[in-house]
Amino acid sequence: MRRLNRKKTLNLMKELDAFPKVPESYVETSASGGTVSLIAFTTIAFLTIMEFMVYRDTWMKYEYEVDKDFTSKLRINIDITVAMRCQYVGADVLDLAETMVASADGLIYEPVPFELTPQQKELQRMLQLIQSRLQEEHSLQDVIFKSAFKSASTALPPREDNSLQSPDACRIHGHLYVNKVAGNFHITVGKAIPHPRGHAHLAALVSHESYNFSHRIDHLSFGELIPGIINPLDGTEKIASDHNQMFQYFITVVPTKLHTYKISAETHQFSVTERERVINHAAGSHGVSGIFMKYDISSLMVTVTEEHMPFWQFLVRLCGIIGGIFSTTGILHGFGRFVAEIIFCRFRLGSYRSTSVPLPDGHTSNHLPLITDNNTH
C-alpha cells in the first residue's frame, strides 16, 4: 500500500515537471546553433564582468532636512598668506549678534616669504586644476568624499629651501569658534580692538604705501577638519593692483553629515561668490581696504551617505542577464532558421525545371522520368 502511494506521488510529481528532459538521441546539433551559443556565452561573460564591477562600485546618496542645531559653535579653519608684515594686519570675526572673536583666540601670525617654492607652486597648480574640473564635473565631488582621510592633506608642504629671502608676508593660520549665525571674517590694516559700537582697527600708525592685500588662500573650511577634502577657495591667489583694494567673498555655508565606509563626520560645505574693487571715495566706491569673507549659515542640512548594491540584488540582476540572453538568442536563432528554411525551400522549388518525355503513342509528358534500376545500368 505504501509502495502504491509512493508511485502515485512520483507520477504526480513527474506530471508537474516544468523542465522535461529530452533524450540525447532526439537532440539535433547544428553549426549555426553552435555559433549562436558561442556568441551567447561571450555576451554573458562580458555582461557578468561589467555587472560585477557595478556591484563593487559605490555611490553617494544626498538627503536634505532642516538643521535644528543652533546652539553649537561653528569652527572656521583658516590658512591665508597676506603680502604684508604681520605687525601691520589684524584678523577677527564679527557676527550678527555683535560678538567679536579676537584673532588671539586661535590664529597664529607667522612671517613668511610670499613667493612659493617650486614644490609649493606645483601643488598650488594642481589644486587650481582640480578646482576648475570641479566646476565642470560636479560628480568628481563624490570621488573626493570617498577618498576623504585616505588621500593626503591639501595644505602646502613646508619650505625646504634655505634661501635668505626676508619674510615679506604674513601667514595667518589656525582655527576659530564662532556662533552659528551669519558673520564677517576679515583681515585689514591694524590690530583689532574692542569698541562700544562694535570694534575698530588701529590703522593710523600704518603707512598707506605699505598697503598690499595680495593674498593666497591655502585653506579655508568650516566644521571638522577632514584631510583630503578640497574646498572651493583652496589654492586661490589674488594680486592687488592698487593699495586701496578690497577683496570680498560671499559664502553660504551648508551643514553636512558625511557617512562613508571609511569615515563618519560632521562638516560643512560652502559655495562662494567673489568680488574685488578699488576703494575710491571720490568716485563713490566707499569701504575699507582688506579681505572680507561674509558668511551665512543655511537652514538646510545635507546628509551624504555612501551606498552599495546589496548582494541579493546583484544575484537577481545576474540571473536576469543569463536567462534573458539565453531566451533572446534562442528566439533569434529559431526565427533565423525559419526565415532561412523559407528562402531555401523557394530556391529549391524554382530550381526544378519541367522536361518533355516522348510516349509510345506520340504524346509527350511533362512529368519527370521515373528512375528505375534499368535506367541506372
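For clarity, every value in this text was computed on a predicted model and none was experimentally measured.

Caption draft 1: Layout of the overall build of the chain. Across its full length, the chain carries six helices and 17 strands. Here the chain holds 377 residues, and the buried ones make up 34% of them. Sequence separation of 24 or more characterises 80% of the internal contacts of the chain that already satisfy a separation of 6 or more. As presented, the chain carries roughly 24600 Å² of accessible surface, and 60% of it is formed by carbon and sulfur atoms.

Caption draft 2: Structural detail: the state of the cysteines. One pass over the structure, following the stated rule, counts one disulfide. A disulfide bridge connects Cys-86 with Cys-170, and the sulfur atoms are separated by 2.3 Å. Note on the Cys-86 and Cys-170 pair: the S-S dihedral is about 105°, so by sign convention the disulfide is right-handed. You can see Cys-86 sitting in the loop between strand 2 (73–82) and strand 3 (89–95) and its partner Cys-170 sitting in strand 6 (residues 169–179), a full 84 residues away along the chain. Considered together, Cys-86 and Cys-170 belong to a single accessibility category, that of buried residues.

Caption draft 3: Seen up close, the environment of Pro-111. Along the chain, Pro-111 turns up in strand 5 (residues 107–112). Pro-111 has contacts with Cys-86, Pro-167 and Ala-169, leaving out every residue within four places of it along the chain.

Caption draft 4: Geometry of the pattern of salt bridges. Taken as a whole and assessed by the stated rule, the structure comprises ten salt bridges. Between Glu-307 and Lys-61 there is a salt bridge; the shortest N-O distance is 3.8 Å. Here Lys-61 lies in strand 1 (residues 58–66) and Glu-307 lies in strand 15 (residues 300–308), a separation of 246 residues in the sequence. Note on Glu-307: relative accessible area 26%, which makes it partly exposed. Lys-61 sits in the partly exposed class, given a relative accessible area of 35%. Across the salt bridge formed by Arg-216 and Asp-218, the nearest N and O atoms sit 3.3 Å from each other. According to the relative accessible area criterion, Arg-216 is buried, its value standing at 3%. Take Asp-218: its relative accessible area is 7%, and that puts it in the buried class.

What counts and how
- Throughout this document, residue positions are counted from 1 along each chain, in the order its sequence is written.
- Residue-level local features of this predicted model are given only where pLDDT is at least 70; pairs of side-chain atoms are given and counted only at 80 or more, and the full residue set underlies all totals for whole chains, interfaces and linings.
- Water and hydrogen atoms play no part in the side-chain values, which are based on all heavy atoms of the structure.
- Labels follow the DSSP assignment, with helices taken as runs of H or I lasting at least four residues and strands as runs of E lasting at least two, numbered in each case from the N terminus.
- Throughout, exposure labels follow a simple rule: accessible area from a 1.4 Å probe, protein chains only, divided by the maximum for the residue type, with under 20% read as buried, over 50% as exposed, and the rest as partly exposed.
- Only heavy atoms matter for contacts: two residues are in contact if any of them lie within 4.5 Å across the pair.
- The protein chains shown are the only cover counted for residues, whose accessible areas, like all others here, come from Shrake-Rupley with a 1.4 Å probe.
- Disulfides are defined as pairs of cysteine sulfur atoms found within 2.5 Å of each other.
- Throughout this description, the term salt bridge denotes a Lys or Arg side-chain nitrogen within 4 Å of a carboxyl oxygen of Asp or Glu.

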